[in-house]
Amino acid sequence: MKIISSKSIKNTFQYTWWIYLLTPVLLAPLFYWSFSIYHRPTSFEKIEIFVGADVVDKSFTEKLKDKVVSDSLRLVGVSSLSPEQPRYKEKLSVVGINNCDLLILPKESVDMFEDTKEYFVELDTELSSYSSNGFYEKEDKKYGYDVSSSWLNETYIDFKSDTSYYLLINVSSKNAGKYYKEGNHNENALKVTKAILEGI
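Residues numbered from 1 in each chain as written. Predicted model: local features only at pLDDT ≥ 70, side-chain atom pairs only at ≥ 80, totals over all residues. Heavy atoms only, no water.

A. Summary view of a nonpolar patch on the surface. A surface patch of nonpolar side chains, about 860 Å² in accessible area, is lined by Trp 17, Trp 18, Ile 19, Tyr 20, Leu 21, Leu 22, Val 25 and Leu 26. Looking at the secondary structure, you find Ile 19 in helix α1 (residues 6–39). Looking at Ile 19, the relative accessible area reads 37%, which means it is partly exposed. (Patch = residues over 30% accessible without salt bridge, like charges linked within 9 Å, V, L, I, M, F, W, Y side chains within 5 Å. Areas by Shrake-Rupley, 256 points an atom, 1.4 Å probe, with all protein chains shown as cover. Salt bridge = Lys/Arg side-chain N within 4 Å of Asp/Glu carboxyl O. Helix = DSSP H or I, 4+ residues; strand = E, 2+ residues; numbered from the N terminus. Buried < 20%, exposed > 50% of the residue type's maximum accessible area, 1.4 Å probe, protein only.)

B. The arrangement of the sheet that holds strand β3 (residues 75–80) in detail. The strand order across the open sheet built from six strands is β3-β1-β4-β8-β6-β5, with neighbouring strands paired in mixed fashion. Of all strands in the sheet, those with a lone pairing partner are β3 and β5 (135–138), marking the two edges. Neighbour to neighbour, the strand axes of the sheet diverge by 30 degrees on average, direction disregarded. As defined by bridge partners, strand β1 (residues 46–51) adjoins β3 across six bridges and the pair is classed as parallel. Paired with Ile 47 across the strands is Val 76, a residue of β3. Helix-sheet contacts for helix α2 (residues 60–67) involve β1 and β3, and the interaxial angle to β3 is about 150 degrees. (Pairing = 2+ DSSP bridges. Axes fitted to C-alpha atoms, helices over the stretch in contact; angles between N-to-C directions. Contact = heavy atoms within 4.5 Å.)

C. Quick peek at the nonpolar core. Residues Ile 49, Leu 102, Ile 104, Leu 127, Ile 157 and Val 192 are the most contacted members of the largest nonpolar core, which totals 37 residues. With six residues, helix α6 (residues 188–198) is the single largest residue contributor to this core. If sequence neighbours within four positions are ignored, Ile 104 has contacts with Ile 49, Phe 50, Val 51, Gly 52, Val 147, Leu 152, Ile 157, Phe 159, Tyr 166 and Leu 167. With 14 residues, the next largest nonpolar core counts Phe 50, Tyr 88, Leu 105 and Tyr 143 among its residues. (Core = buried A, V, L, I, M, F, W, Y, C linked by side-chain atoms within 4.5 Å.)

Written as C-alpha coordinates, this is what we have:
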(Lines give C-alpha, C1' and ligand atoms only; values in the text may rest on other atoms or scores of the structure.)
Protein backbone atom coordinates (compact mmCIF):
# COMPACT_ATOMS: atom_id res chain seq x y z
CA MET A 1 0.00 0.00 0.00
CA LYS A 2 1.37 3.38 -1.06
CA ILE A 3 1.53 5.99 1.70
CA ILE A 4 1.14 9.65 0.73
CA SER A 5 3.69 11.72 2.57
CA SER A 6 3.81 15.46 3.14
CA LYS A 7 6.93 15.53 0.97
CA SER A 8 5.10 14.01 -2.00
CA ILE A 9 2.25 16.52 -1.54
CA LYS A 10 4.76 19.40 -1.51
CA ASN A 11 6.40 18.04 -4.66
CA THR A 12 3.03 17.78 -6.38
CA PHE A 13 2.17 21.38 -5.55
CA GLN A 14 5.64 22.56 -6.51
CA TYR A 15 5.38 21.23 -10.07
CA THR A 16 1.63 21.39 -10.76
CA TRP A 17 0.56 24.53 -8.86
CA TRP A 18 -0.53 26.15 -12.13
CA ILE A 19 -3.24 23.48 -12.63
CA TYR A 20 -4.83 24.37 -9.29
CA LEU A 21 -4.70 28.06 -10.22
CA LEU A 22 -6.01 27.58 -13.74
CA THR A 23 -8.90 25.23 -12.90
CA PRO A 24 -11.16 27.81 -11.17
CA VAL A 25 -10.29 30.42 -13.80
CA LEU A 26 -11.50 28.08 -16.54
CA LEU A 27 -14.53 26.77 -14.62
CA ALA A 28 -15.91 30.19 -13.64
CA PRO A 29 -16.93 31.20 -17.21
CA LEU A 30 -18.42 27.73 -17.74
CA PHE A 31 -20.60 28.07 -14.64
CA TYR A 32 -21.60 31.63 -15.67
CA TRP A 33 -22.52 30.49 -19.19
CA SER A 34 -24.54 27.52 -17.89
CA PHE A 35 -26.38 29.69 -15.39
CA SER A 36 -27.22 32.37 -17.99
CA ILE A 37 -28.49 29.77 -20.49
CA TYR A 38 -30.69 28.16 -17.84
CA HIS A 39 -32.25 31.49 -16.82
CA ARG A 40 -32.57 33.01 -20.30
CA PRO A 41 -36.22 33.68 -21.27
CA THR A 42 -37.61 31.25 -23.86
CA SER A 43 -39.32 32.47 -27.04
CA PHE A 44 -42.66 32.19 -25.21
CA GLU A 45 -41.45 34.38 -22.34
CA LYS A 46 -40.23 37.34 -24.37
CA ILE A 47 -41.54 39.72 -27.00
CA GLU A 48 -39.16 41.14 -29.57
CA ILE A 49 -40.05 44.39 -31.37
CA PHE A 50 -38.35 45.63 -34.54
CA VAL A 51 -38.51 49.37 -35.14
CA GLY A 52 -37.81 50.89 -38.56
CA ALA A 53 -36.68 54.20 -37.07
CA ASP A 54 -34.16 55.57 -34.59
CA VAL A 55 -34.97 54.53 -31.02
CA VAL A 56 -34.14 57.44 -28.70
CA ASP A 57 -34.93 55.71 -25.39
CA LYS A 58 -35.38 51.93 -24.95
CA SER A 59 -36.97 52.27 -21.51
CA PHE A 60 -40.43 51.97 -23.07
CA THR A 61 -39.85 48.20 -23.24
CA GLU A 62 -39.73 47.97 -19.43
CA LYS A 63 -42.88 50.08 -19.18
CA LEU A 64 -44.67 47.74 -21.58
CA LYS A 65 -43.55 44.67 -19.62
CA ASP A 66 -44.80 46.23 -16.39
CA LYS A 67 -48.16 47.14 -17.94
CA VAL A 68 -48.90 43.74 -19.46
CA VAL A 69 -50.44 41.37 -16.93
CA SER A 70 -48.88 38.01 -17.78
CA ASP A 71 -47.03 35.49 -15.65
CA SER A 72 -45.22 34.21 -18.72
CA LEU A 73 -43.82 37.55 -20.00
CA ARG A 74 -40.29 38.08 -18.67
CA LEU A 75 -38.75 40.36 -21.30
CA VAL A 76 -39.67 42.89 -23.98
CA GLY A 77 -36.73 43.58 -26.28
CA VAL A 78 -36.23 45.98 -29.16
CA SER A 79 -34.05 46.04 -32.28
CA SER A 80 -33.99 49.06 -34.52
CA LEU A 81 -32.46 50.63 -37.59
CA SER A 82 -33.44 53.68 -39.59
CA PRO A 83 -34.43 53.07 -43.25
CA GLU A 84 -31.76 55.57 -44.30
CA GLN A 85 -29.04 53.18 -43.10
CA PRO A 86 -27.38 51.04 -45.82
CA ARG A 87 -28.14 47.62 -44.27
CA TYR A 88 -31.75 48.39 -43.33
CA LYS A 89 -33.44 45.97 -45.76
CA GLU A 90 -31.14 43.15 -44.70
CA LYS A 91 -31.76 43.75 -40.97
CA LEU A 92 -35.51 44.09 -41.54
CA SER A 93 -35.54 40.71 -43.28
CA VAL A 94 -33.12 38.80 -41.04
CA VAL A 95 -33.98 40.29 -37.64
CA GLY A 96 -37.42 41.85 -38.09
CA ILE A 97 -39.26 39.23 -40.11
CA ASN A 98 -37.41 36.14 -38.86
CA ASN A 99 -36.99 36.92 -35.15
CA CYS A 100 -39.47 39.56 -34.00
CA ASP A 101 -43.06 39.30 -32.81
CA LEU A 102 -44.06 42.89 -33.54
CA LEU A 103 -42.79 45.44 -36.04
CA ILE A 104 -43.16 49.22 -36.13
CA LEU A 105 -42.43 50.28 -39.69
CA PRO A 106 -42.83 53.31 -41.93
CA LYS A 107 -45.40 52.94 -44.72
CA GLU A 108 -42.69 52.64 -47.38
CA SER A 109 -41.22 49.61 -45.62
CA VAL A 110 -44.58 47.86 -45.33
CA ASP A 111 -45.21 48.57 -49.02
CA MET A 112 -42.08 46.55 -49.88
CA PHE A 113 -43.91 43.33 -48.91
CA GLU A 114 -46.02 42.49 -51.96
CA ASP A 115 -47.85 39.56 -50.38
CA THR A 116 -48.64 41.26 -47.07
CA LYS A 117 -50.63 38.37 -45.57
CA GLU A 118 -47.56 36.10 -45.83
CA TYR A 119 -45.73 38.30 -43.32
CA PHE A 120 -48.28 40.12 -41.16
CA VAL A 121 -51.45 39.11 -39.34
CA GLU A 122 -54.63 40.35 -41.00
CA LEU A 123 -56.60 42.36 -38.47
CA ASP A 124 -60.03 40.84 -38.03
CA THR A 125 -62.93 42.49 -36.18
CA GLU A 126 -61.48 41.59 -32.77
CA LEU A 127 -58.00 42.96 -33.51
CA SER A 128 -59.40 46.02 -35.28
CA SER A 129 -61.25 46.95 -32.09
CA TYR A 130 -57.88 47.59 -30.36
CA SER A 131 -57.59 50.99 -32.07
CA SER A 132 -59.53 53.65 -33.95
CA ASN A 133 -56.54 55.70 -35.13
CA GLY A 134 -56.37 54.26 -38.63
CA PHE A 135 -54.83 51.21 -40.24
CA TYR A 136 -52.46 50.04 -42.93
CA GLU A 137 -54.82 48.68 -45.59
CA LYS A 138 -54.19 46.68 -48.73
CA GLU A 139 -56.84 45.25 -51.03
CA ASP A 140 -59.57 46.17 -48.50
CA LYS A 141 -57.83 44.26 -45.69
CA LYS A 142 -56.25 45.70 -42.55
CA TYR A 143 -52.75 44.66 -41.50
CA GLY A 144 -51.31 47.33 -39.21
CA TYR A 145 -52.24 50.00 -36.67
CA ASP A 146 -51.30 53.63 -37.30
CA VAL A 147 -49.01 54.67 -34.42
CA SER A 148 -47.58 57.83 -36.03
CA SER A 149 -48.97 60.10 -33.31
CA SER A 150 -48.75 57.63 -30.42
CA TRP A 151 -47.05 58.16 -27.05
CA LEU A 152 -43.92 56.50 -28.49
CA ASN A 153 -43.24 59.39 -30.88
CA GLU A 154 -40.35 61.74 -30.03
CA THR A 155 -39.82 60.62 -26.41
CA TYR A 156 -38.92 57.03 -27.28
CA ILE A 157 -38.85 56.70 -31.08
CA ASP A 158 -37.93 59.36 -33.64
CA PHE A 159 -40.77 59.06 -36.16
CA LYS A 160 -40.27 61.14 -39.31
CA SER A 161 -43.07 63.64 -39.88
CA ASP A 162 -43.38 63.01 -43.64
CA THR A 163 -44.63 59.39 -43.38
CA SER A 164 -46.98 57.15 -41.40
CA TYR A 165 -45.79 54.42 -39.04
CA TYR A 166 -47.62 51.16 -38.45
CA LEU A 167 -47.55 48.53 -35.73
CA LEU A 168 -47.78 45.06 -37.28
CA ILE A 169 -48.03 41.57 -35.79
CA ASN A 170 -45.66 39.06 -37.36
CA VAL A 171 -47.57 36.06 -38.72
CA SER A 172 -44.65 33.86 -37.56
CA SER A 173 -44.87 35.01 -33.94
CA LYS A 174 -45.41 32.09 -31.58
CA ASN A 175 -46.87 34.61 -29.13
CA ALA A 176 -49.78 35.65 -31.37
CA GLY A 177 -52.28 33.13 -29.98
CA LYS A 178 -54.78 31.84 -32.53
CA TYR A 179 -53.29 34.17 -35.18
CA TYR A 180 -50.01 32.26 -35.26
CA LYS A 181 -50.04 30.19 -38.46
CA GLU A 182 -49.71 26.93 -36.49
CA GLY A 183 -51.96 28.03 -33.62
CA ASN A 184 -50.91 28.70 -30.05
CA HIS A 185 -52.38 29.72 -26.70
CA ASN A 186 -49.68 32.25 -25.80
CA GLU A 187 -51.07 35.73 -26.46
CA ASN A 188 -48.22 37.91 -25.16
CA ALA A 189 -47.77 39.59 -28.57
CA LEU A 190 -51.43 40.57 -28.58
CA LYS A 191 -51.21 41.88 -25.01
CA VAL A 192 -48.16 44.00 -25.83
CA THR A 193 -49.89 45.26 -28.98
CA LYS A 194 -52.84 46.37 -26.90
CA ALA A 195 -50.54 48.05 -24.36
CA ILE A 196 -48.76 49.99 -27.13
CA LEU A 197 -52.08 51.18 -28.57
CA GLU A 198 -53.58 52.10 -25.20
CA GLY A 199 -50.45 53.91 -24.03
CA ILE A 200 -48.63 53.82 -20.72
